[in-house]
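Chain by chain, the residues:
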Amino acid sequence: MWEALINLFNTSKFELSSDAYEDGVYLLTSFTANQSVLDIKVLHRGYTDPNNLMFTDIKVLGVPSSVSQVTVQQNGVTIASPHTIGYTASKQLLTITSLQLQLGQDYTLQWS
């Protein structure tokens, strides 16, 4: 399994109080990378961001070979995405930039 580093840009400061947790007013998201797939799954949807925050850049470490294509899916359907990809062989690093993945939604990214 690979370690996925997720960068959230355009963010403001987040604070989670014990009241927010107890009241269920929070967002819990799981990121799982395996082979050539990154699954982003929301485990708890108790918060909707009023600022429409998005994941714009994703870096995946441990990708053993060059990547020429990344597809983005939501609910099993490929969606249009304006992203660009980069690959650094010496670091086995896949970089996906210019994404527009809305915080609080499930996505699957697959590369080849």
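Residues numbered from 1 in each chain as written. Predicted model: local features only at pLDDT ≥ 70, side-chain atom pairs only at ≥ 80, totals over all residues. Heavy atoms only, no water.

**Student:** Run through the overall build of the protein, naming residues and quoting values.
**Tutor:** For the protein, the helix and strand inventory stands at 1 helix and 10 strands. When its helices and strands are written in sequence order, the protein yields β-α-β-β-β-β-β-β-β-β-β. Per-residue burial over the protein gives 28% buried out of 112 residues. Long-range contacts, defined as pairs at least 24 residues apart, comprise 65% of the intrachain contacts of the protein with a sequence gap of at least 6. (Helix = DSSP H or I, 4+ residues; strand = E, 2+ residues; numbered from the N terminus. Buried < 20%, exposed > 50% of the residue type's maximum accessible area, 1.4 Å probe, protein only. Contact = heavy atoms within 4.5 Å.)

**Student:** So what's going on with the sheet that holds strand β10 (residues 107–111)? Residues and values would help.
**Tutor:** Spatial ordering of the open sheet is given by β2-β3-β10-β5-β6, a layout of 5 strands whose pairing is antiparallel. Every interior strand has two partners, whereas the edge strands, β2 (27–34) and β6 (77–79), have only one. With strand direction ignored, the average angle separating the axes of adjacent strands in the sheet is 25 degrees. In terms of strand pairing, strand β3 (residues 37–45) meets β10 through 4 bridges, oriented antiparallel. Along β10, the bridge assignment pairs Ile40 with Tyr107. (Pairing = 2+ DSSP bridges. Axes fitted to C-alpha atoms, helices over the stretch in contact; angles between N-to-C directions.)

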